[in-house]
Amino acid sequence: MKYLVTGGSGFVGSHLCERLLADGNQVLVLDNLSTGRYGNIANLEGRPGFELRVGSVNDYQLVEECVRECNAVFHLASAVGVRLIVDQPVLTIESIVNGTDNVLRACSRYRRRTLITSTSEVYGKSDQLPFREDGDSVIGATTTRRWAYACAKALDEFLGLAHWHETRLPVVIVRLFNTVGPRQTGQYGMVIPRFVRQALAGEPITVYGDGSQARCFGHVKDVIEGIVGLMNHTDAPGKVFNIGNDEETTIMELAKRILAMTGSKSEIEIIPFSQAYPAGFEDMHRRIPDLTKIRNLLGYEPKRNLDAILKDVIDEFRAGQSI
Ligand code: UDP
């Protein structure tokens with residue numbers, strides 16, 4: 001099989017490319033190398049079956065060419081990270097909505113199977129925990145820029161499901177929960193690479209709010225298992241799936257665990273949300289995936305717990321391979 005991976009130079013995308021190549025597939029990456037990094041896939045260039053095409057998913061002609069050459073499409077290209085979303089809302093909305101529309105139109109033309117990566121942000125401020133795929137989205141005011149990301153991703157989901165509904169285009173939607181692991185950069189705000197870097201540098205660990213907010217972190221390799229399994233399953237199209245890990249931890253507990261695992265003497269610094277983020281941001285208190293649907297379909301079970309994830313990230317930072 002030859003797969004198109006949009007956003008293939010990103011953190012998740014690069015792990016997916018490695019996995020697809022290891023399985024004996026060909027991979028074409030379409031990426032504009034903006035939030036992704038060439039370094040993530042530098043070791044893949046030159047390998048038989050791998051090709052990088054530098055360009056944007058906003059360019060319909062280019063998207064169409066790439067889709068035509070491939071048998072199926074993993075659409076991962078997206079604006080990412082709280083900072084970018086709040087600071088560059090036009091780029092965020094345009095790249096998410098236009099990019100997915102372009103991918104779906106080309107896939108519709110050539111009848112290609114498509115997997116679209118969405119996000120747990122789509123659940124918004126819902127308090128119906130754990131989040132089930134058929135639960136409500138609870139989105140805040142349009143004057144709060146953060147919600148543009150959730151709404152744009154929800155629109156991608158509507159569009160993908162609409163193609164399935166009208167013409168049975170095989171579209172699978174996956175909602176990624178907090179995904180972490182080697183190669184993730186802290187540059188866009190993600191908490192684990194930030195805390196690990198701070199701990200190893202002896203800098204204060206910046207806990208936002210009171211640290212009682214909680215998240216469930218999934219190892220990127222477990223997430224890739226789920227993504228690949230869904231792409232290959234005949235009953236997945238036309239459906240939405242959560243992917244992640246359901247082990248919950250508070251951010252304060254996370255900070256303490258990282259301090260213990262690194263042996264760092266860093267202080268924990270409490271920073272109010274109003275100082276941590278620009279206006280236009282609201283933090284989510286808890287976010288837990290209900291994994292019943294993917295478990296039932298694939299027998300999916302995340303294999304790596306939080307300690308294993310932290311160990312991988314700490315080892316990578318210590319080896320000096322991350323930024
Ligand atoms: N966070 C924090 N300190 C940081 C970065 C993030 O306390 O230096 C918190 C953030 O407020 C949030 C959680 O960690 O509650 C996860 O943040 P991240 O941006 O990684 O993911 P998301 O908010 O999208 O779940």
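Along each chain, residue indices are assigned from 1 in the same order as the chain's sequence is written. Only residues with pLDDT of 70 or above have their local features reported here, since the model is predicted, and side-chain atom pairs are shown and tallied only from 80 upward, although totals for entire chains, interfaces and linings are computed over all residues. Excluding hydrogens and water, the side-chain figures rest on all heavy atoms present in the structure.

**Brief notes about the packing of helix 5 (residues 89–110) against helix 6 (residues 146–167)**
Packed helix pairs are specified by the crossing angle of their axes together with the interaxial distance, meaning the distance between the axes.
Turning to step 1, where the next piece is worked out: Fitting a line to C-alpha atoms yields each axis, with helices limited to the stretch in contact; the angle taken between N-to-C directions then spans 0 to 180 degrees. Secondary structure elements follow DSSP: runs of H or I of four or more residues count as helices, runs of E of two or more count as strands, with numbering from the N terminus. Following both chains from N to C, one finds helix 5 and helix 6 inclined at 10 degrees, their axes separated by 9 Å at the closest point. One element, helix 5, and the other, helix 6, form an angle in the roughly parallel class. Here Thr92, Ile93, Ile96, Val97, Thr100, Asp101, Leu104 and Ser108 of helix 5 come into contact with helix 6, specifically with Ala148, Tyr149, Ala152, Lys153, Leu155, Asp156, Leu159, Gly160 and His163.
Turning to step 2, where the next piece is worked out: Residue classes follow a fixed rule: Ala, Val, Leu, Ile, Met, Phe, Trp, Tyr, Cys and Pro count as nonpolar, while Asp, Glu, Lys and Arg count as charged, and any other residue, Gly among them, counts as polar. Here the contact of helix 5 with helix 6 is composed, by residue class, of nine nonpolar, five polar and three charged. Angular relationships are summarised with four words: roughly parallel below 35 degrees, roughly antiparallel beyond 145, roughly perpendicular across 65 to 115, and oblique for the angles in between. Note on contacts: a residue pair is in contact if any heavy atoms of the two residues lie within 4.5 Å.

**Observations concerning unusual backbone geometry**
Turning to step 1, where the next piece is worked out: For the bond from leucine 129 to proline 130, the omega torsion is -10 degrees, close enough to zero to count as cis.
Turning to step 2, where the next piece is worked out: Mapped onto the fold, proline 130 is located in the loop between strand 5 (113–119) and helix 6.
Turning to step 3, where the next piece is worked out: Phi at arginine 111 takes a positive value of approximately 55 degrees, unusual for a residue other than glycine.
Turning to step 4, where the next piece is worked out: Along the chain, arginine 111 falls in the loop between helix 5 and strand 5.
Turning to step 5, where the next piece is worked out: With a 1.4 Å probe rolled over the protein chains alone, any residue whose accessible area is under 20% of its type maximum counts as buried; one over 50% counts as exposed, and the rest are partly exposed. When its relative accessible area of 43% is taken as the criterion, arginine 111 is described as partly exposed.
Turning to step 6, where the next piece is worked out: Even without glycine at this site, arginine 183 takes up a positive phi of about 85 degrees.
Turning to step 7, where the next piece is worked out: Among the structural elements, arginine 183 can be located in the loop between strand 7 (179–180) and helix 7 (191–201).

**Some points on the packing of aromatic side chains**
Turning to step 1, where the next piece is worked out: Each Phe, Tyr or Trp ring (for Trp, its six-membered ring) is paired with any other whose centre lies within 6.5 Å, and the angle between the two planes then decides the class: stacked below 30 degrees, edge-to-face above 60, tilted in between. Overall, the coordinates contain six aromatic pairs when judged by the stated rule.
Turning to step 2, where the next piece is worked out: Ring geometry for tyrosine 123 versus phenylalanine 131: centroids 4.6 Å apart, planes at 20 degrees, classification stacked.
Turning to step 3, where the next piece is worked out: Look at tyrosine 123 and you get buried, because its relative accessible area is 1%.
Turning to step 4, where the next piece is worked out: Judged by centre distance (6.5 Å) and plane angle (15 degrees), the ring pair of phenylalanine 273 and tyrosine 277 falls under stacked.
Turning to step 5, where the next piece is worked out: For phenylalanine 273, a relative accessible area of 32% translates into the label partly exposed.
Turning to step 6, where the next piece is worked out: Through a chain of ring-to-ring contacts, the aromatic side chains of Tyr123, Phe131 and Phe177 assemble into a single cluster.
Turning to step 7, where the next piece is worked out: Here the guanidinium or amino end of arginine 105 rests over the ring plane of tyrosine 60, the centre of that ring lying 4.5 Å away. Put simply, a charge is over a ring when the Lys NZ or the Arg CZ is close to the ring centre, within 6 Å, and near the line of the ring normal, within 35 degrees.

**Some thoughts on the pairing of strand 2 (residues 26–31)**
Turning to step 1, where the next piece is worked out: Buried residues dominate strand 2, accounting for five of its six residues.
Turning to step 2, where the next piece is worked out: Where strand 1 (residues 2–6) meets strand 2, five bridges bridge the pair, whose relative direction is parallel. Looking at strand 2, one finds that lysine 2 is bridged to glutamine 26.
Turning to step 3, where the next piece is worked out: With helix 1 (residues 11–22) bridging strand 1 and its parallel neighbour strand 2, the resulting β-α-β unit is right-handed. For two strands to pair, DSSP has to find at least two bridges joining them. Looking down the strands as they point away from you, a crossover is right-handed if its path from the first strand over the helix to the second goes clockwise.

**As for the sheet that holds strand 6 (residues 171–176)**
Turning to step 1, where the next piece is worked out: Read across the open sheet, the seven strands follow the order 3-2-1-4-5-6-11; overall the sheet is parallel. Looking at the sheet topology across the chains shown, the edges are occupied by strand 3 (50–54) and strand 11 (240–243). Neighbour-to-neighbour, the strand axes of the sheet open up by a mean angle of 20 degrees, direction not taken into account.
Turning to step 2, where the next piece is worked out: Here strand 2 pairs with strand 3 via five bridges, running parallel. Within strand 3, the residue paired with leucine 28 across the bridge is glutamate 51.
Turning to step 3, where the next piece is worked out: With respect to the sheet, helix 8 (residues 220–232) is in contact with strand 1, strand 4 (72–75), strand 5, strand 6 and strand 11, its orientation differing from that of strand 5 by roughly 145 degrees.

**Regarding the pairing of strand 11**
Turning to step 1, where the next piece is worked out: Of the two faces of strand 11, the one carrying Val240 and Asn242 and the one carrying Phe241 and Ile243 are both buried.
Turning to step 2, where the next piece is worked out: Looking at chain direction, strand 6 and strand 11 are connected through four bridges and run parallel. Residue arginine 175 lies in a different strand from strand 11, and its bridge partner there is asparagine 242.

**Observations concerning the environment of isoleucine 294**
Turning to step 1, where the next piece is worked out: Along the polypeptide, isoleucine 294 turns up in helix 11 (residues 292–298).
Turning to step 2, where the next piece is worked out: The class for isoleucine 294 is buried, based on a relative accessible area of 0%.
Turning to step 3, where the next piece is worked out: Between the C-alpha atom of isoleucine 294 and that of valine 174, which follows or precedes it by 120 residues, the distance is 9.9 Å.
Turning to step 4, where the next piece is worked out: When residues no more than four places from it in sequence are discounted, the contact partners of isoleucine 294 are Gly226, Leu230, Phe241, Asn242, Ile243, Gly299 and Tyr300.

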